[in-house]
Amino acid sequence: MVRVRYVDADILIIGGGMAGSGAAWEARYWCRNCRVVIAEKANINRSGAVAMGLSAINTYMGLKCKENTVEDYVKYVRGDLMGIVREDLVYDYARHVDSTVHLFDEWGLPIWPNPQTGCYVREGKWQIMIHGESYKAIVAEAARKAVGEENVFNRVMVTHLLKSPSNPNRVVGAIGFNVNDGTVYVFRAKATIVSAGGGSHVYRPRSQGEGLGRAWYPPWSSASSYGLMIEAGAVMTMMEARFVVPRFKDGYGPVGAYQLLLKTKITNAYGQDFWKPHYEEIKKLYSGKGNYPDLPITPTTLRVYAQRLEWMAGRGPSLMRTEETVKKGTESEAIAYEDFLDMTISQVVIWAGQNHEPAERPYEVITTEPYVMGSHATECGAWASGPDDLAPKKIEGLPDDRGYQYYWGYNRMTTLDGLFCAGDGCGANPHKFSSGSFTEGRLAAKSAVLFIMDHSDEKIEVDKAQVDSIITKLMEPLERYERGKYTVVTGPSYMHPIDPTKMYWKQGLFRLQKIMDEYAGGWSTMYVTNEWMLNRALELLQFLKEDFINYAAAQDWHELMRVWELWHRILTAEAVVRHMLFRKETRWPGYYVRADYPALDDENWHVFVNSRYDAKTGKWELWKVPVIHIIPFP
Ligand SMILES: Cc1cc2nc3c(=O)[nH]c(=O)nc-3n(C[C@H](O)[C@H](O)[C@H](O)COP(=O)(O)OP(=O)(O)OC[C@H]3O[C@@H](n4cnc5c(N)ncnc54)[C@H](O)[C@@H]3O)c2cc1C
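Right, let's walk through the structure included here. All of these numbers come straight from a predicted model, not from anything done at the bench.

**Here we look at the site of the ligand**
Residues in contact with the ligand amount to 33 residues; listed here are only the nearest, Glu40, Ser47, Ala56, Ser375 and Ser434. Ala19 places a polar main-chain atom, nitrogen or oxygen, 2.8 Å from an oxygen atom of the ligand. For the ligand, the accessible surface in isolation is 1000 Å², of which the surrounding protein chains cover 97%. At the level of elements, α1 (18-30), β2 (36-40), β3 (54-57), β8 (156-163) and α12 (433-454) are the ones that each hand at least two residues to the shell around the ligand. Looking at the shell around the ligand residue by residue, the class counts come to 17 nonpolar, 13 polar and 3 charged.

**Quick look at the pairing of strand β10 (residues 184-194)**
In terms of residue burial, β10 counts as a mostly covered element, since 9 of its 11 residues are buried. In this sheet, β10 lies alongside strand β1 (residues 4-14) in parallel orientation, the contact comprising 10 bridges. Counterpart to Ile13 in the pairing with β10 is Ile193. Sheet topology note: the strand β9 (residues 171-178)/β10 ladder contains 5 bridges and is antiparallel. Note on β10: the bridge partner recorded for Gly176 is Tyr185. Taking the residues between adjacent antiparallel strands as the criterion, β9 and β10 are bridged by 5 residues, where Gly182 takes a positive phi near 80°. Pairing analysis gives 3 bridges linking β10 to strand β17 (residues 419-421), with the strands arranged parallel. Bridge pairing in β17 places Val194 opposite Cys421.

**Quick notes on the environment of Gly522**
Mapped onto the secondary structure, Gly522 falls in the loop between α14 (505-519) and β18 (528-529). For Gly522, a relative accessible area of 0% corresponds to the buried category. Placed 471 residues apart in sequence, Gly522 and Ala51 show a C-alpha to C-alpha distance of 26 Å. In this structure Gly522 touches Tyr203, Pro370, Met516, Asp517 and Tyr527, once residues within four positions along its chain are discounted.

**A closer look at the sheet that holds strand β14 (residues 318-320)**
What the 4 strands build is an open sheet, ordered β12-β15-β14-β13; its pairing is antiparallel. The sheet is open, and its two borders are formed by β12 (246-248) and β13 (266-267), each paired with just one other strand. Across 3 bridges, β14 lies against strand β15 (residues 363-367) in antiparallel orientation. Of the residues in β15, the one forming a bridge with Leu319 is Glu364.

**Notes on a nonpolar patch on the surface**
A surface patch of nonpolar side chains, amounting to about 350 Å² of accessible area, comprises Met52, Leu341, Ile345 and Val349. Residue Val349 is classed as exposed on the basis of its relative accessible area of 54%.

**Quick look at the environment of Glu40**
Tracing the sequence through the fold places Glu40 in strand β2. Glu40 sits in the buried class, given a relative accessible area of 7%. Ignoring any residue separated from it by four or fewer positions in sequence, one finds Glu40 in contact with Gly15, Gly16, Gly17, Ser47, Phe153, Asn154, Arg155 and Val156. There is a polar contact of 2.7 Å between the side chain of Glu40 and the backbone nitrogen of Gly16.

**Here we look at the pattern of salt bridges**
This structure, assessed with the given rule, holds 45 salt bridges. As a salt-bridge pair, Lys190 and Asp10 come within 2.9 Å of each other at their nearest N and O atoms. Placement of Lys190 in strand β10 and of Asp10 in strand β1 is noted, with a sequence separation of 180 residues between them. Owing to a relative accessible area of 29%, Lys190 belongs among the partly exposed residues under this scheme. We classify Asp10 as buried; its relative accessible area is 14%. Here Glu67 ties to Arg122 by a salt bridge, and the two come within 3.2 Å at their closest N and O atoms. Of this pair, Glu67 sits in the loop between β3 and α2 (70-80) while Arg122 sits in the loop between β5 (119-120) and β6 (128-132), and the two are 55 residues apart along the sequence. A relative accessible area of 18% places Arg122 in the buried class.

**Focus: the packing of α14 against helix α16 (residues 557-582)**
Relative orientation of the contacting elements α14 and α16 amounts to 15°, with a least axis distance of 9 Å. One finds that α14 runs roughly parallel with respect to α16. In terms of crossing hand, the pair formed by α14 and α16 is left-handed. When α14 is examined against α16, the residues Trp505, Gly508, Leu509, Leu512 and Met516 are found in contact with a partner set consisting of Glu559, Arg562, Val563, Leu566, Arg569, Ile570, Ala573, Val576 and Val577. Class assignment for the residues of the contact of α14 with α16 results in 10 nonpolar, 1 polar and 3 charged.

**Structural notes on the packing of aromatic side chains**
Two aromatic rings are characterised by how far apart their centres lie and by the angle between their planes. In the structure shown here, the tally under the stated rule is 41 aromatic pairs. On the numbers, 6.0 Å between centres and 55° between planes, the contact of Tyr73 with Tyr76 is tilted. One end of the pair is Tyr73 and the other is Tyr76, both in helix α2 and 3 residues apart, which spans about a single turn. Tyr73 sits in the buried class, given a relative accessible area of 0%. Aromatic ring contacts, followed pair by pair, group Trp25, Tyr29, Trp30, Phe104, Trp107, Tyr135 and Phe438 into a single cluster.

**Quick look at the state of the cysteines**
Each disulfide consists of a covalent bond between the sulfur atoms of two cysteine residues. Taken as a whole, this structure holds 3 disulfides when the rule is applied. In this model Cys31 forms its disulfide with Cys34; the gap between the sulfur atoms is 1.9 Å. Across the disulfide from Cys31 to Cys34, rotation about the S-S bond amounts to roughly 70°, and the bridge is consequently right-handed. Here Cys65 is linked by a disulfide to Cys119, with a sulfur-sulfur distance of 1.8 Å. Judged by the torsion about the S-S bond (-100°), the Cys65/Cys119 disulfide is left-handed.

**Re the nonpolar core**
Ranked by internal contacts, the top residues of the largest apolar core, which has 187 residues, are Ile11 and Met516. It is α16 that contributes the most residues to this core, 14 residues altogether. With residues up to four places along the chain from it excluded, the contact list for Ile11 reads Ala27, Arg35, Val36, Val37, Ala191, Ile193, Ala445, Ala448, Val449 and Ile452. The next biggest cluster of nonpolar side chains, apart from the first, holds 21 residues, and it includes Met18, Tyr60, Leu103 and Val139.

**Some points on the sheet that holds strand β16 (residues 381-382)**
Strand order in the open sheet formed by 4 strands is β16-β11-β20-β21, and the pairing between neighbours is antiparallel. Each having just a single partner strand, β16 and β21 (619-626) make up the two edges of the open sheet. Where α16 meets the sheet, its contacts fall on β11 (236-237), β20 (607-614) and β21, and the angle it forms with β21 comes to roughly 50°.

What counts, and at which threshold
- Sequence positions are assigned chain by chain, starting from 1 and proceeding in written order.
- Residue-level local features of this predicted model are given only where pLDDT is at least 70; pairs of side-chain atoms are given and counted only at 80 or more, and the full residue set underlies all totals for whole chains, interfaces and linings.
- Calculation of side-chain values draws on the structure's entire complement of heavy atoms; hydrogens and water are dropped beforehand.
- The nearness test applies per residue and asks whether one of its heavy atoms lies within 4 Å of the molecule or strand.
- We call two N or O atoms a polar contact when they sit within 3.5 Å, provided that within protein one can donate a hydrogen and the other can accept it, with sequence-adjacent residues counted only if both atoms are side-chain atoms.
- All accessible-area figures derive from a Shrake-Rupley calculation using a 1.4 Å probe, and residue coverage is judged against the displayed protein chains alone.
- Under the scheme used here, helices are H or I runs from DSSP no shorter than 4 residues and strands are E runs no shorter than 2 residues, and both carry numbers assigned from the N terminus.
- Polar here means any residue other than Ala, Val, Leu, Ile, Met, Phe, Trp, Tyr, Cys and Pro, which are nonpolar, and Asp, Glu, Lys and Arg, which are charged; Gly is therefore polar.
- Only protein chains enter the accessibility calculation, which uses a 1.4 Å probe. A residue is then buried if its area is under 20% of the maximum for its type, exposed if over 50%, and partly exposed in between.
- Pairing between strands requires that DSSP locate at least two bridges from one strand to the other.
- We call two residues contacting when some pair of their heavy atoms lies within 4.5 Å.
- What makes a patch is a set of residues exposed beyond 30% relative accessible area and free of salt bridges, joined within 9 Å when like-charged and within 5 Å when nonpolar (Val, Leu, Ile, Met, Phe, Trp, Tyr).
- The salt bridge definition used is simple: a Lys or Arg side-chain nitrogen within 4 Å of an Asp or Glu carboxyl oxygen.
- Here an axis means a line fitted to C-alpha atoms, over the contact stretch when the element is a helix, while the angle between two N-to-C directions is reported on a 0 to 180 degree scale.
- Orientation categories follow fixed angle ranges, with anything under 35 degrees roughly parallel, anything over 145 roughly antiparallel, 65 to 115 roughly perpendicular, and all other angles oblique.
- Crossings are sorted by hand: turned counterclockwise from the far helix by less than a right angle, the near helix makes the crossing left-handed, and turned clockwise it makes it right-handed.
- Think of it this way: a Phe, Tyr or Trp ring, Trp meaning its six-membered ring, pairs with another when their centres are within 6.5 Å, and the plane angle makes it stacked under 30 degrees, edge-to-face over 60, tilted otherwise.
- In this description, a disulfide is simply a cysteine sulfur pair whose atoms lie within 2.5 Å.
- Buried residues of nine kinds, namely Ala, Val, Leu, Ile, Met, Phe, Trp, Tyr and Cys, make up a nonpolar core once their side-chain atoms join them within 4.5 Å.

Right under this line is the structure:
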């Protein structure tokens, strides 16, 4: 017997991470009599990518101290992504991000002050230093207080979006379940904001049996933002631009404070520069219209690529020369450790376990498995409307369809009516990081308030048959387990049993990761792929989808959550592969190389790739959309 609870809201926020907290705070600011509800899979006090804390806020303009301009920031972000970003969206969050950081300051987040200037201590041009172990708790408190504790539904994982029975392009809420007690929640909402974070574990992580689940982006970032929106038919963008990041080996410790604040060099194993030997080749293949290798800040993807070329030339691994900049008993040593203790404690644990002293020896830096994200140096996510004042002119000659244009009325609304995105879920506007994601949540919420005011006489309809059918599907893995509990099974004790009538989440996840790693540019092929491999990935993903539909099984509520996380990851993986197949060039060689099209091709591919999935037919549509530069380019 399934317990079902209906919850009516003006605004539903899916995921109470950085973007979701920003949305909650802003929505109640503009609409004091609105009911704003947060559905959060974990507990918002310590959820999402900032759960463990952070040591820097990576996006802060410093406008009041005249440290930077918004225009320069847009140029920097555009360069880092090799020319392709929605400049209207980047400009929009950048012009508001400082006000977000000032709120954090007011709420008690310890940001390092610079007593000489009265500004903040900079880590790099765009980053400022914080004591951030309680960052998420502070931000969550503001969100909780804004919406009221009774409107925060912790431990509720959203699995499906709900559509209006009379308008298939209108989202009217979502369905999820409490991962502790199994209660099903049917949220009916006038506007819905998807802010459920990015996707880790879509690709096989470098750490396997010995460190299963260890990854740089948190293992609980299960690609729900993408899975939910793809299945509902929202237009997605730039899903091919998934991300590979350099991190300290095994602990995934961040490299920012070492490189930017302490000015530590990365070299090859012999102490030599990794960039110079490859500069000419990189310049030949990846200059494009933007002359990217010669930009003042070398794009992340090119730096990552040059390091990899060094390893492949047999001069690896990359080494962070900590022994040159970290001095025992000095502030540099405190900074070096605190940087990890604020956000990636595992790195310190690994160093302690290996008797490693950063002041004495360098440490290895690796490139990680790929992540599907929209808030870092990467831009996967939904295609959204920009703000009206920055909207470029309508693109003549292209359909008026929202999937081709930049503006259709409500900032950050996806191509589905009433569905907004923020943070990792919103595509083509990277480098938001924690502060920019919170800011984008605010922008989405303000515009969602406007949307519900403009539609105040609309009655939210939910179709009982649709709800029942989703609930049946949602519970099916538990039913399947109960039905076939006593079938004869075999298999290793550390895995679920091998049973021809069932697929448990871990079995499905390992299959997914193997496909993505081996065929879609994972680390085991050194991030190289080609058309044949991507087509093979699609074929195998299709089998996996079929097996999921027919065999997915769960023994309890927790496993049911894992099962639906897997489904979101599978849909996301398919989008990634289809986008990689469609884009016939290599634009971000550090993230992946299409060996059959190894160079950047601005002539044909200085464009966004957009896609739409039709869940009824299982068909995908992909197309190009021109990039419009609102800041002169190059
Ligand atoms: C190790 C690490 C270091 C980083 N370093 C920095 C840094 O130094 N500076 C900086 O500014 N940024 C940094 N970032 C980036 C920053 O954390 C992200 O950009 C930001 O958190 C993205 O915000 P978001 O709201 O999109 O996602 P998140 O903050 O991850 O929030 C997503 C939320 O959705 C919830 N959720 C997921 N699926 C569901 C579902 N189906 N139903 C309900 N809820 C769901 C999650 O539990 C989570 O609470 C770092 C990230 C990591 C992982």
